[in-house]
2 protein chains.
Amino acid sequence: MSLRALLPLIAIAAFSSAQSQPARPAAPAMPPPAIVSPEIGADNRVTFRLRDPNATEVLLGLEGSKPVPMQKDDQGTWSITVGPLDPDFYGYSFLADGVALVDPLNWMMKPNFLYKQSEVHVPGPPSLPWEVNDVPHGEVHHHFYKSAVVGDQRDYYVYTPPEYDPRGETKYPVLYLLHGFSDDASGWTAVGRANVILDNLISQGKAKPMLVVMPLGYGAPEIVTRGPSGFNDDALRSRNFDKFRSALLTEVMPQVEKEYRTSEDSRARAIAGLSMGGSESLLTGLNDLDKFAWVGSFSSGGLSHDFNTEFPSLDSSANAKLRLLWVACGTDDGLIGINRGVREWLKSKGINHTDIETPGMHTWMVWRRNLSNFAPLLFR
Amino acid sequence: MSLRALLPLIAIAAFSSAQSQPARPAAPAMPPPAIVSPEIGADNRVTFRLRDPNATEVLLGLEGSKPVPMQKDDQGTWSITVGPLDPDFYGYSFLADGVALVDPLNWMMKPNFLYKQSEVHVPGPPSLPWEVNDVPHGEVHHHFYKSAVVGDQRDYYVYTPPEYDPRGETKYPVLYLLHGFSDDASGWTAVGRANVILDNLISQGKAKPMLVVMPLGYGAPEIVTRGPSGFNDDALRSRNFDKFRSALLTEVMPQVEKEYRTSEDSRARAIAGLSMGGSESLLTGLNDLDKFAWVGSFSSGGLSHDFNTEFPSLDSSANAKLRLLWVACGTDDGLIGINRGVREWLKSKGINHTDIETPGMHTWMVWRRNLSNFAPLLFR
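**Here we look at the overall build of chain A**
Part 1 of the argument: Secondary structure summary: chain A contains nine helices and 18 strands in total.
Part 2 of the argument: Rg of the C-alpha trace for chain A: 23 Å, near the compact-globule value of 21 Å for 380 residues, within the 12% margin.
Part 3 of the argument: The C-alpha extent of chain A, read off along each of the three principal axes, is 75 × 45 × 45 Å.
Part 4 of the argument: The buried share of chain A, reckoned over its 380 residues, is 61%.
Part 5 of the argument: A sequence separation of at least 24 residues applies to 72% of the contacts in chain A between residues at least 6 apart.

Here it is in structure tokens:
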């Protein structure tokens, strides 16, 4: 193909990704040198770069770390090298003179309704549960439906394990896995790598083959369309939790159990989630133990502190129905206090549960590890 | 929930999306006024805004339009109002002093390996084929596998129509639908709204229920990981086409035909695609008419001009096997010339085909319309 035929493509490229184009077409001014971001060194140190000649201050905000200032060179490129970082996926963004920016040079992005972040993968050994390995892979199904409960068109995802055959007779247990505030329904697969983690655990015999259902976590979507402050509105948050539970129990669950080969028994149903989804798991699961015998909360956020009102009929008789109640939080998470409070209250009520505290802040690094440790316990 | 318990979330919010937070926490300096972008007026004029006080020039690059300069106000906010725009989805980005930026205030993003763009939806009447309507929705399946042909872990998507039942006996025709250079395998659903378009066409009886298989279009992934210039490398582009065809015919197609209820007859298989995927459709389909009786090319890019070499055995005997050969391009697309050349050559060989020229540049606005007009013709 002649270069001439490609000129329209090149023109688009020159505008849309001026920085990421290794060979730029001739321009009136001297083009800036090609830069790369992020750049991962052999020692797992990572260098982030942003060309922004006119900015007076640029900070790097890396998931799990405090914002740190970047340094400008004489070409107008800001950079910083951090680490060595533990192998993992990290969200990050730049704050340039108060404007939050994703990395123009990096195609990896985290889907999110509020906090736009780029993402960097520091690769690790195949033993890490989120690394894609040469093992059988399950399938991720994207479903769309009109919710009568909420009054909108919405979606949910279903992971089926590699061996799943819709024409077969085997019935599978189901983990309902809930995302956090500001995520969309793809959060647990796109960022949490839940399908990769399950593929690995199942192939190693560490987790039972299971379905994982990942619904949209907003019963009242204005909680997130209003912006970050929506979650601080007590009445809105409460309505969000109520309508989420109703949509899950009366819409998503019946659709899943009709379409898929599922075991319809509380001992074959688990519910777990992170942050807002952790609260939704507790509120939905512990108030309906005839439906869910396995409940997990990862860095739960959004409960009222008035647990007697939120869990009105929960007492030690729950122990006969619960197979596992797993309450986890990172020790550097600002929500560690309320999570310890939840566990104190459970203890005061005589309800069996597993306390999990691990290093870390309010991050996906904590939640990927939570899922990797929680899923193997289920349906035993 | 107390505000105190939310402080860690608020701290994250203050950094990650300082601009999109309607109520910002107190800060030492006077916070800038809250701004909105994009803002869609009742008249379908759209205002784009970017806070960037230190930039000296900011351009708006809107899909289907030439870049236009934005104006700065005394608060450091750049803005421009364009339109009225026809109801549709439009990609856009900002070019701030040579740095391409997505819109920090808009969560809608187009997935792409090279050209990061935000996206704005100018809503239209339900009759537009890409508007989500209250009709039965199909399902989008995301598959993962290790490719022996390419040597990597890769993915493909499969749309199944609303009525599809894996336990039923009905067999369905299959459209293989290919994305363009720089897209990922989700391009046709995430940006092209192929699942929404099929839902609407099927519910109106305008298209036959069909499966749509959307594979990753890179047979040689370095064509895109190398950056925009990869597509200009004739040898690499040729290897990319060859290996793509091999992965499609020997890996994706057998997996699809094993897992799904498909009709395995050339008259029940179509192949179509946009730009690079248009060339892949012609190269794969027209060189294997025993497999594909329906072939579509939308704004094809990347053919060599040496059609006799690329289609060595194609002659008018193809007319007995081809049910449809549909060659489309926008009249303002820089690739209109080569597409007219393809059609001239087909004519010179006596091969029946349908010429389609519509207004428009090298854009998804053209390709969504192409799919909406092409799919109803299939499998009749």
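The discussion continues.
**Comments concerning the pattern of salt bridges**
Part 1 of the argument: Counted according to the given criterion, the structure contains 40 salt bridges over all chains.
Part 2 of the argument: Of the charged contacts in the structure, one is a salt bridge between Asp265(A) and Arg267(A), with a shortest N-O distance of 3.4 Å.
Part 3 of the argument: Arg49(B) is the salt-bridge partner of Glu39(B), the closest N and O atoms lying 2.8 Å from each other. Of the two residues, Glu39(B) is situated in strand 1 (residues 39–40) and Arg49(B) in strand 2 (residues 46–51); the sequence distance between them amounts to 10 residues.
Part 4 of the argument: The structure contains a network of salt bridges with shared partners spanning Arg340(A), Arg343(A), Asp355(A) and Glu357(A).

**Quick look at the pairing of strand 2 of chain B**
Residues and elements named next belong to chain B.
Part 1 of the argument: With five of its six residues buried, strand 2 lies for the most part within the structure.
Part 2 of the argument: Note: strand 1 against strand 2, two bridges, orientation antiparallel. Considered in strand 2, the bridge of isoleucine 40 is made with valine 46.
Part 3 of the argument: Counted along the chain from strand 1 to the antiparallel partner strand 2, the turn is five residues long, and its residue asparagine 44 has a positive phi close to 65°.

**Focus: the side chain of Ser37(B)**
All names here are of chain B.
Part 1 of the argument: Secondary-structure assignment places serine 37 in the loop between helix 1 (3–16) and strand 1.
Part 2 of the argument: Overall, the relative accessible area of 4% leaves serine 37 in the buried class.
Part 3 of the argument: At a separation of 2.9 Å, a polar atom in the side chain of serine 37 contacts the main-chain amide nitrogen of arginine 49.
Part 4 of the argument: One polar contact links serine 37 to aspartate 103, side chain to side chain, over a distance of 2.6 Å.

**Quick notes on the packing of helix 5 (residues 234–259) of chain B against helix 6 (residues 276–285) of chain B**
Residue and element names in this part refer to chain B.
Part 1 of the argument: Following both chains from N to C, one finds helix 5 and helix 6 inclined at 65°, their axes separated by 10 Å at the closest point. As the angle between them shows, helix 5 and helix 6 are arranged roughly perpendicular. The hand of the helix 5/helix 6 crossing is right-handed. Counted together, Asn240, Phe241, Phe244, Arg245, Leu248 and Leu249 of helix 5 and Met276, Ser279, Glu280, Leu283 and Thr284 of helix 6 form the full contact between these two elements.
Part 2 of the argument: A breakdown of the residues in the contact of helix 5 with helix 6 according to their chemical character gives six nonpolar, three polar and two charged.

**Structural notes on the packing of aromatic side chains**
Part 1 of the argument: Here the structure, examined in full by the defined rule, presents 36 aromatic pairs over all chains.
Part 2 of the argument: A centroid spacing of 5.7 Å and a plane angle of 50° characterise the contact between Phe307(A) and Trp345(A), whose relative ring orientation is tilted. Of this pair, Phe307(A) sits in helix 7 (residues 307–310) while Trp345(A) sits in helix 8 (residues 336–348), and the two are 38 residues apart along the sequence. Across the pair, Trp345(A) and Phe307(A) agree in class, each one buried.
Part 3 of the argument: Aromatic side chains Trp188(B) and Phe298(B) sit 6.2 Å apart centroid to centroid with 80° between the ring planes, which places their arrangement in the edge-to-face category. Of this pair, Trp188(B) sits in helix 2 (residues 187–190) while Phe298(B) sits in strand 16 (residues 294–298), placing them 110 residues apart in sequence. Accessibility classification places Trp188(B) together with Phe298(B) in one group, the buried group.
Part 4 of the argument: Pairwise contacts between aromatic rings join Trp188(A), Phe298(A), Trp326(A), Trp364(A), Trp367(A) and Phe374(A) into one cluster.
Part 5 of the argument: Its end group placed over the ring of Phe231(A), Arg237(A) keeps NZ or CZ at 5.6 Å from the ring centre.

**Topic: the pairing of strand 17 (residues 324–330) of chain A**
All names here are of chain A.
Part 1 of the argument: With seven of seven residues buried, strand 17 lies mostly within the body of the structure.
Part 2 of the argument: In strand 17, alternate side chains face the same way, and those of Leu324, Trp326, Ala328 and Gly330 on one face and Leu325, Val327 and Cys329 on the other are all buried.
Part 3 of the argument: Here five bridges tie strand 16 (residues 294–298) to strand 17, and the two strands are oriented parallel to one another. Paired with phenylalanine 298 across the strands is alanine 328, a residue of strand 17.

**Here we look at the sheet that holds strand 5 (residues 71–72) of chain A**
Residue and element names in this part refer to chain A.
Part 1 of the argument: Taken in spatial order, the four strands line up as 1-2-6-5 in an open sheet, and their pairing is antiparallel. A strand with exactly one partner marks an edge of an open sheet, and here the two such strands are strand 1 (39–40) and strand 5.
Part 2 of the argument: As judged from the six bridges shared by strand 2 (residues 46–51) and strand 6 (residues 77–82), these two strands associate in the antiparallel manner. When the sheet's bridge partners are listed, threonine 47 is paired in strand 6 with threonine 81.

**Considerations on helix 9 (residues 364–374) of chain A**
Along an α-helix, residues three or four positions apart point the same way, because every turn accommodates 3.6 residues.
Part 1 of the argument: Burial runs high along helix 9 of chain A: nine of the 11 residues are buried.
Part 2 of the argument: When helix 9 of chain A is considered as a whole, its buried residues turn out to be Trp364(A), Met365(A), Val366(A), Trp367(A), Arg368(A), Asn370(A), Leu371(A), Ser372(A) and Phe374(A).

**Some points on the sheet that holds strand 2 of chain B**
Backbone hydrogen bonds are what pair the strands of a sheet, in a parallel or an antiparallel way.
Part 1 of the argument: Pairing is antiparallel in the open sheet, where four strands are placed in the order 1-2-6-5 (chain B). Whereas interior strands pair on both sides, the edge strands pair on one side only; in this sheet they are strand 1 and strand 5 (71–72) of chain B.

**Quick look at the confidence of the model for chain A**
All names here are of chain A.
Part 1 of the argument: On average, residues of chain A score 91 in pLDDT, and 91% of them reach the 70 mark or higher.
Part 2 of the argument: pLDDT under 50 marks residues 1–28. Its contacts with residues more than four places away, or in other chains, come to 59 contacts.
Part 3 of the argument: The ipTM assigned to the predicted complex is 0.91, against a pTM of 0.92.

**Quick notes on the environment of Gly219(A)**
All names here are of chain A.
Part 1 of the argument: Within the element layout of this structure, glycine 219 appears in the loop between strand 14 (211–215) and helix 4 (222–225).
Part 2 of the argument: Residues glycine 219 and leucine 248, spaced 29 residues apart in sequence, show a C-alpha to C-alpha distance of 9.1 Å.
Part 3 of the argument: Excluding anything up to four places from it in sequence, glycine 219 contacts Val150, Asn240, Lys243 and Phe244.

**A look at the environment of Val191(B)**
Residues and elements named next belong to chain B.
Part 1 of the argument: With respect to the helices and strands, the residue valine 191 is situated in the loop between helix 2 and helix 3 (194–203).
Part 2 of the argument: C-alpha separation for the pair valine 191 and lysine 110, spaced 81 residues apart in sequence, amounts to 6.3 Å.
Part 3 of the argument: Residue contacts for valine 191: discarding those within four places in its chain leaves Lys110, Pro111, Glu119, Ser186, Trp364 and Arg368.

**Some words on unusual backbone geometry**
Part 1 of the argument: With an omega dihedral of 10°, the bond running from Gly83(A) to Pro84(A) counts as a cis peptide bond.
Part 2 of the argument: By the secondary structure assignment, Pro84(A) is in the loop between strand 6 and strand 7 (88–96).
Part 3 of the argument: The residue His305(A) is not glycine, and still its phi comes out positive at about 80°.
Part 4 of the argument: Relative to the assigned elements, His305(A) resides in the loop between strand 16 and helix 7.
Part 5 of the argument: Of note in the backbone geometry, Ser299(B) takes a positive phi value of approximately 55° without being a glycine.
Part 6 of the argument: Along the chain, the position of Ser299(B) falls in the loop between strand 16 and helix 7 (307–310).

**A short note on the side chain of Arg154(B)**
Residues and elements named next belong to chain B.
Part 1 of the argument: Residue position: arginine 154 is located in strand 12 (residues 152–160).
Part 2 of the argument: Here arginine 154 falls in the buried class, since its relative accessible area comes to 6%.
Part 3 of the argument: In this structure the side chain of arginine 154 is engaged in a polar contact, spanning 2.8 Å, whose partner is the side chain of aspartate 152.
Part 4 of the argument: Beyond its immediate stretch of four places on either side in the chain, arginine 154 contacts His143, Phe144, Tyr145, Ser147, Leu216, Tyr218 and Pro221.

**Some remarks on the environment of Leu322(A)**
Part 1 of the argument: One can find Leu322(A) in the loop between helix 7 and strand 17.
Part 2 of the argument: Sequence-wise, Leu322(A) and Asp155(A) are 167 residues apart; in three dimensions their C-alpha atoms are separated by 29 Å.

Rules of the game
Residues numbered from 1 in each chain as written. Chains lettered and ligands numbered in written order. Predicted model: local features only at pLDDT ≥ 70, side-chain atom pairs only at ≥ 80, totals over all residues. Heavy atoms only, no water. Helix = DSSP H or I, 4+ residues; strand = E, 2+ residues; numbered from the N terminus. Rg over C-alpha atoms; globule rule 2.2 N^0.38 Å. Buried < 20%, exposed > 50% of the residue type's maximum accessible area, 1.4 Å probe, protein only. Contact = heavy atoms within 4.5 Å. Salt bridge = Lys/Arg side-chain N within 4 Å of Asp/Glu carboxyl O. Pairing = 2+ DSSP bridges. Polar contact = N/O pair within 3.5 Å; in protein donor to acceptor, adjacent residues only side chain to side chain. Axes fitted to C-alpha atoms, helices over the stretch in contact; angles between N-to-C directions. Parallel < 35°, antiparallel > 145°, perpendicular 65-115°, else oblique. Left-handed = near helix turned anticlockwise from the far one by under 90°. Nonpolar A, V, L, I, M, F, W, Y, C, P; charged D, E, K, R; others polar. Phe/Tyr/Trp six-rings, centres within 6.5 Å; stacked < 30°, edge-to-face > 60°. Lys NZ or Arg CZ within 6 Å of the ring centre and 35° of its normal. pLDDT = per-residue confidence, 0-100.

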